[in-house]
Structures are given as structure tokens and as C-alpha cells.
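# Descriptive analysis of the structure
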Amino acid sequence: MADSTNPAGKVIITPDSLAQSANKYRTELLKVAVLSLGYALNYFTVRTGIRGSETVGAIDGNFELGPYDPYRVDRENINAKGRTLKSYFGSIVKEFDPNSVYQSIYGSSIVKGDGLKNVPIALQVLSLMAGKIGKSLLLHLFDAVRNDSGTKTVDLFNGVDTVTAAEITAGNIATTKGNLFEFSEAITSNNAVDLITAFCRAASDELLECEDGEDSKAKGLNLYVPRSVIYAYRDDYKATTGNSPIYDQFNQMVVEGFPNIRFVPFAGKANSKFMQLSQRNNMLIATDQLGDLENISVEKYHPFVLSFVATLFFGFDYESIDPSRLLVGKFHE
């Protein structure tokens, strides 16, 4: 792929160069959109090859050894607790001036000479736009609500908090089931340590003792919270303990007394009604990345303006809401 230059050495991004790059690097650009979820990928598991719905979940049942008896047979049924992991088909058609996008990458400077020879300018432009898709998905990972007639990322799928609220309404996440904790008061810098400690102590033994995965990203438990909760916890902890070695060592990103529980803040939870305690392998992001329905292309419908066209599958669900895999904290209102 080569971008044209004028005699003065100024870069001119042509429609053909962008279209060719979109076609040649389609797979890589689709990956850029997902990889632009950034740090969220450390705390969520991406399932690819999902176009529409797929059943996920865990097999449950009693598998117990007993004293040897050649005539004993356990005929108790095995329960498959399935959940539907759904990815929604999204699209975008965005008109843009290619040279304006170029200028946003390089500012007002003009790259000249040998520096241009091996620089795929068109690919950089497309990667920038594909990355914007991922940034929007990250921002609405928790608060998105599916709206068939919507036009934005927030309308594309049901985010973590939306799924959580629906399960609480349905009675599937409840205090009586052991997977819901309701805070009796608002979390502040005066009570955060006590309230978060009480929440963690309410988690089931199976959840607290979950096995670490082989992948270091999967180890331990994640406490998905608004950043304000971390600020309140740090302030309360420091007021109580002062500059203790533990505070200095961890910068209070773990819950005192629960070294395997780490705070994980997300900008999209700023106005959240919930916190979630779970492991990475229970937080599933659904996308495709393997089929031919997802695509990125550049079209020309206007003499001076191009259209960035992209389609992508995306969705979220828990693999399981069993108390051994999840504890939801509902904030006091």
C-alpha cells in the first residue's frame, strides 16, 4: 500500500489507498476495535465466533466418592444451568474528510522525505477510526441498554449493570439466593471500609476460594466499582490506619483482609447502582471476529468526502449468576 505524495512531499490520502487498506487489513482492523477495549480485557473474557445467541453456563450435580460398594449407583440428574450469551449486530456509516483525519494524527506538520517510504498512512487512519469504536464500547460496557431503534453504542447491547438489574427484577439475583447484598447506607469516606468489608464477608465460601486460573489475568477476584467507591475506601482506610505499610504497599487497590480481591474501576460505572464481585472468566464479552458478516470498508459517495463503513457483533452476559461465581452489591438509594 502506498500513499501518494505531491512534488512538495505533502501526504495525500487517496480514496483508493484507504479502500485498499480496509480490504487488505479487514481482519486486523476488526481486531483493533475489540483490542481498543483496553484494560477491560484484563477483567473480561472475550468469546469469539458468536453471531446471535449461544448457550453458556456450568454443569452442576453431586459427584461424590463414597465407601466402596459395587452395587451403589447414583442416578441423581446432572443439572446444566445454561445462560444465553447474545451478541448484537451493530453498524456505523461515518462520513469524513481523509486529509482532516490525517492532520489529526500529525498535527500541522508535514512529513517529508525518507520518513514516508515505509509508513502506511492509510492504515493508521483506519486504525484510528476502528479504535474509536472500541473506546465507545468500553465507555458503555456497563450502562448500555438495548434499543432496537437507537443509533448509539449505548443502544446496541445490554451492559453489565443492565443484565444485573434484569436478573434482580426476575428474582434470579436475590439476597435469599446468596448472590445479592443490599447496602443499608450510602458508601462514604466515613464508612467505606466497614461497608466493603461486610460486602466481601457476605460472599460465599466457594466464590472467595475460587481457584486461580493459569493465566495471571484470571487470578483472584475482581470488584467492579465506580471510581468514587475506591476514593471513599482510600480516604476511610487512611483516616483509620494512617500511613501504614499495607496502605503504601497496595495503594489500597485490594480490600483489607481479602488479598485476592482487587478493586477494578470503570468510567462507565460512575452512576451505577451496583458493584459486582466475580472472576474474569465469568464476565463474558461476545463478538464474532471469525465470519464474513463483520466488515470494515471505505466507500465514496461524495466528490470530497468518504464514508467509513463498519459492522460488528457485540454483547455481554455472565457465564453464571450462581453465588459461587457472583456477588452483586446494590447501592443504597
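In this report, we go over the structure that sits alongside the text. Owing to the predicted nature of the structure, the values given are computational and were not obtained by experimental measurement.

Our next topic: the sheet that holds strand β14 (residues 326-330). Across the sheet, which stays open at both edges, the six strands sit in the order β6-β14-β10-β7-β9-β8 with mixed pairing between neighbours. Single-partner strands in this sheet number two, and they are β6 (180-182) and β8 (254-255). Across two bridges, the pairing between β8 and strand β9 (residues 258-265) is antiparallel. Of the residues in β9, the one forming a bridge with V254 is R262. On the sheet, helix α5 (residues 160-169) packs against β6, β10 (274-278) and β14 and is oriented at approximately 95° with respect to β10.

With that settled, consider the pattern of salt bridges. Under the counting rule described, the total for this entry stands at seven salt bridges. Note that E319 is salt-bridged to R325, the shortest N-O span being 2.9 Å. The same class applies to E319 and to R325, which are both buried. Salt bridges linked by common partners bring R47, E319 and R325 together as one network.

In this section: the pairing of strand β11 (residues 283-286). By the alternation rule, side chains of β11 split into M283 and I285 and L284 and A286, which are all buried. As judged from the three bridges shared by strand β3 (residues 45-47) and β11, these two strands associate in the parallel manner. By the bridge assignment for β11, V46 is matched with I285. In this structure, β11 lies alongside strand β13 (residues 306-318), joined through four bridges in antiparallel fashion. Paired with M283 across the two strands is Y318, which belongs to β13.

Turning to the packing of aromatic side chains, a few remarks are in order. The full count for this structure, using the stated rule, is 17 aromatic pairs. Ring centres of Y233 and Y237 lie 6.1 Å apart, and the angle between their planes is 15°; on these two criteria the pair is classed as stacked. Note that Y233 and Y237 are positioned in helix α8 (residues 227-241) at a spacing of four residues, about one turn of the helix. Taking the relative accessible area as the measure of exposure, Y233 reaches 0% and is therefore buried. Here Y237 falls in the buried class, since its relative accessible area comes to 4%. Among the aromatic side chains, those forming a connected cluster through ring pairs are Y39, F44, F142, Y224, F266, F316 and Y318.

Another point: the packing of helix α1 (residues 15-24) against helix α2 (residues 26-35). Following both chains from N to C, one finds α1 and α2 inclined at 80°, their axes separated by 5 Å at the closest point. When the axes of α1 and α2 are compared, the pair comes out roughly perpendicular. On α2, the residues touching S21, A22, N23 and K24 of α1 are R26, E28 and L29. Among the residues forming the contact of α1 with α2, the class breakdown is two nonpolar, two polar and three charged.

The rules behind these values
- Residues numbered from 1 in each chain as written.
- Predicted model: local features only at pLDDT ≥ 70, side-chain atom pairs only at ≥ 80, totals over all residues.
- Heavy atoms only, no water.
- Pairing = 2+ DSSP bridges.
- Helix = DSSP H or I, 4+ residues; strand = E, 2+ residues; numbered from the N terminus.
- Contact = heavy atoms within 4.5 Å.
- Axes fitted to C-alpha atoms, helices over the stretch in contact; angles between N-to-C directions.
- Salt bridge = Lys/Arg side-chain N within 4 Å of Asp/Glu carboxyl O.
- Buried < 20%, exposed > 50% of the residue type's maximum accessible area, 1.4 Å probe, protein only.
- Phe/Tyr/Trp six-rings, centres within 6.5 Å; stacked < 30°, edge-to-face > 60°.
- Parallel < 35°, antiparallel > 145°, perpendicular 65-115°, else oblique.
- Nonpolar A, V, L, I, M, F, W, Y, C, P; charged D, E, K, R; others polar.

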